[in-house]
Amino acid sequence: MTAFKTLDDLTDLPGKRVLLRVDLNVPVKDGKVTDTTRIERVAPTIMELSTKGARVILLAHFGRPKGEAVPSMSLAPIAGVVEDVLDHRVHFAADCIGEVSAKAVNAMVDGDVLLLENTRFHSGEEKNDPGFVIELAKNGDIFVNDAFSAAHRAHASTEGLAHHLPAYAGRTMQAELLALEKGLGNPARPVVAIVGGAKVSTKIDLLKNLVNQVDALVIGGGMANTFIAARGIDVGKSLCEHDLAATAKEIEAAAAASGCAIVLPVDGVVAREFKAEADNETVAIDAIPADAMMLDVGPKSIDAVNAWITKADTLVWNGPLGAFEIPPFDAATVSAAKHAAARTREGLLVSVAGGGDTVSALNHAGVTDEFTYVSTAGGAFLEWMEGKPLPGVDVLKA
Ligand SMILES: Nc1ncnc2c1ncn2[C@@H]1O[C@H](COP(=O)(O)OP(=O)(O)O)[C@@H](O)[C@H]1O
Ligand SMILES: O=C(OP(=O)(O)O)[C@H](O)COP(=O)(O)O
């Protein structure tokens, strides 16, 4: 934990350009940020550096634009939200490298905060391309990483930069690792994991190891549809990654071998449109109409999920059970969140949840403060839980 340098080791900041990696990959609906938790969590690091006289240059990604400058994934609208959370002016530059960024950085005075455009607008970011890292590094004297939730990515702004500039962990990075170690370092059993959400392809591999560490794996959301389809059941138009059927089967086999129960939905709430209050019906899992999508798990499945939460001494949760942003498809997620919160309140459960949308879902259910710990990270938190090396953390220790 103390293996890396922190802001406590940074002295003489006035005049220094600090490249601060943050995670601004926040939930957005109809162009509006719906949850500012990730911004609130990095605010103390930004303000500490600014108050100590640094010129704070924020690096972040938004969405998965795959190396293209996709306007809908610009960070420009997020700058104003960061400004509101910080209650401090936030300048914006329309590129994270090159002349545009250099001009904005050169115009900074001590204490200024500048947000650079989405690092993923350049293909060099995800490739951790050495030439791109050098371009990023030109704008800074010091690198601080406060994006624990992106630390499982070996990208230019999360890993590469630490090889080029003196590198430090931000306050959130420190706090996340400490809290996860405290909550899950030696978890009381049974340990139940809930994994749902939409990022099926990037998270499914994590389940292979997770089943060796938990006593039950409850699967919901788009992830469940993929497992259900792999069992040969037609999921209609549901979010599903059919090409991952073999992986899903491997995970089921690994779970059987390690004695981990796999809990899949037995019923679902289906609709033909992805919108709030869409006409919907509850059907058995093997009766999803061909033209419908399962947007939430059904009432019998909710009972089963809550029964597993009752059995658990420790709960780890990433990914909502359904499309919670569009009621009534929030029912399962809200029910499980409230049940886990109640058990935690009674001292019967250690509950740790994480992920940009998961935090937003817990906020929606009104129970965030009642969980033992809520991480900003989803995938990174699961990888940490698996014991996998996190490139963004390891490079700070190197
Ligand atoms: N059955 C479903 N169909 C479509 N989308 C779903 C379904 N269940 C959950 N989702 C979506 O998953 C998203 C969150 O997934 P993900 O990004 O993996 O979580 P996190 O950000 O917490 O790691 C939410 O936007 C939610 O609407
Ligand atoms: O939102 C994020 O992760 P999460 O959905 O696992 O919480 C991070 O910003 C990482 O994003 P990525 O999964 O596109 O690399």
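As annotated in an unreviewed UniProt entry, the protein chain carries the name Phosphoglycerate kinase and is attributed to Hoeflea phototrophica. In the Pathway (unreviewed entry) part of its UniProt record, the protein chain is described as follows: "Carbohydrate degradation; glycolysis; pyruvate from D-glyceraldehyde 3-phosphate: step 2/5." If you open the UniProt record of the protein chain and go to Sequence similarities (unreviewed entry), you find "Belongs to the phosphoglycerate kinase family."

1. Description of the sheet that holds strand E15 (residues 314-318)
Strand order in the open sheet formed by 6 strands is E11-E10-E9-E15-E16-E17, with parallel pairing between adjacent strands. Of all strands in the sheet, those with a lone pairing partner are strand E11 (261-263) and strand E17 (373-375), marking the two edges. On average, each strand axis in the sheet is tilted by 15 degrees relative to the strand beside it, whichever way the strands run. Helix-sheet contacts for helix H6 (residues 171-184) involve E15, strand E16 (350-354) and E17, and the interaxial angle to E17 is about 135 degrees.

2. Focus on the UniProt feature "binding site: substrate" (unreviewed entry) in the protein chain
This chain's UniProt record puts "binding site: substrate" (unreviewed entry) on Asp23, Leu24, Asn25, Arg38, His61, Phe62, Gly63, Arg64, Arg120 and Arg153. Residue placement: asparagine 25 occurs in the loop between strand E1 (17-21) and strand E2 (28-29). Exposure remark for asparagine 25: the 24 C-beta atoms within 10 Å place this residue in the buried category. Those residues in contact with asparagine 25 that sit more than four places away from it in its chain are His61, Phe62 and Gly356. Within the element layout of this structure, arginine 120 appears in the loop between strand E6 (113-116) and helix H4 (123-127).

3. Quick look at helix H9 (residues 245-258)
In this model H9 runs 20 Å from its N-terminal to its C-terminal C-alpha over 14 residues, within 8% of the 20 Å that 1.5 Å per residue would give. Listing the buried residues of H9 in full gives Ala248, Ile251 and Ala255. Seen from one end, H9 has its buried residues packed into an arc of 60 degrees, which puts them on one side. Set apart from the buried face of H9 by more than 90 degrees, the exposed residues are Ala246, Ala253, Ala256 and Ala257. Residues of H9 that are buried make contact with helix H7 (200-213), strand E10 (216-219), helix H8 (221-230) and E11. Looking at the residues trailing H9, positive phi occurs at glycine 259, about 75 degrees.

4. Quick look at the environment of cysteine 96
Structurally, the position occupied by cysteine 96 is in the loop between strand E5 (91-93) and helix H3 (98-106). Judged by C-beta crowding, with 29 C-beta atoms within 10 Å, cysteine 96 ranks as buried. With 39 residues separating them in the primary sequence, cysteine 96 and glutamate 135 have C-alpha atoms 8.8 Å apart. If sequence neighbours within four positions are ignored, cysteine 96 has contacts with Leu59, Ser101, Leu116, Glu117, Thr119 and Leu136.

5. Some points on the site of ligand 2
If you check the shell around ligand 2, you find 13 residues, and the closest are Asn25, Gly355, Gly356, Gly378 and Gly379. Looking at the shell around ligand 2 residue by residue, the class counts come to 2 nonpolar, 7 polar and 4 charged. When residues are assigned to domains, the shell around ligand 2 turns out to be shared by domain 1 (7-175) and domain 2 (187-386), each giving three or more.

Conventions used here
- Residue positions are counted from 1 within each chain, in the order its sequence is given.
- Each chain takes a letter, starting from A, and each ligand takes a number, starting from 1, following the order in which they are written.
- Local features in a predicted model are, by the rule used here, given only for residues with pLDDT of at least 70; side-chain atom pairs are given and counted only at 80 or more, and totals for whole chains, interfaces and linings are based on all residues.
- UniProt positions are given in the numbering used here, feature names are shortened, and annotations may be inferred rather than shown by experiment.
- When DSSP locates at least two bridges between a pair of strands, those strands are taken to pair.
- The helix and strand labels rest on DSSP assignments: H or I over at least four residues marks a helix, E over at least two residues marks a strand, and numbering proceeds from the N terminus.
- Here an axis means a line fitted to C-alpha atoms, over the contact stretch when the element is a helix, while the angle between two N-to-C directions is reported on a 0 to 180 degree scale.
- Here the contact rule is simple: place C-beta atoms from the backbone, and any two residues whose C-beta atoms are within 7 Å are in contact.
- In this scheme the burial state of a residue depends on its C-beta neighbours within 10 Å: 20 or more other such atoms mean buried, 12 or fewer mean exposed, and anything in between means partly exposed; the C-beta positions come from the backbone.
- What a helix should span is 1.5 Å times the count of its residues minus one.
- Relevant arc is that of directions from the helix axis to the C-beta atoms, nothing else.
- As a rule, any residue with its backbone-derived C-beta atom within 6 Å of a molecule or strand is reported as near that molecule or strand.
- Following the grouping adopted for this structure description, the nonpolar residues are Ala, Val, Leu, Ile, Met, Phe, Trp, Tyr, Cys and Pro, the charged ones are Asp, Glu, Lys and Arg, and the polar ones are all others, Gly among them.
- Domain delimitation in this document rests on an assignment produced automatically or drawn from a domain database.

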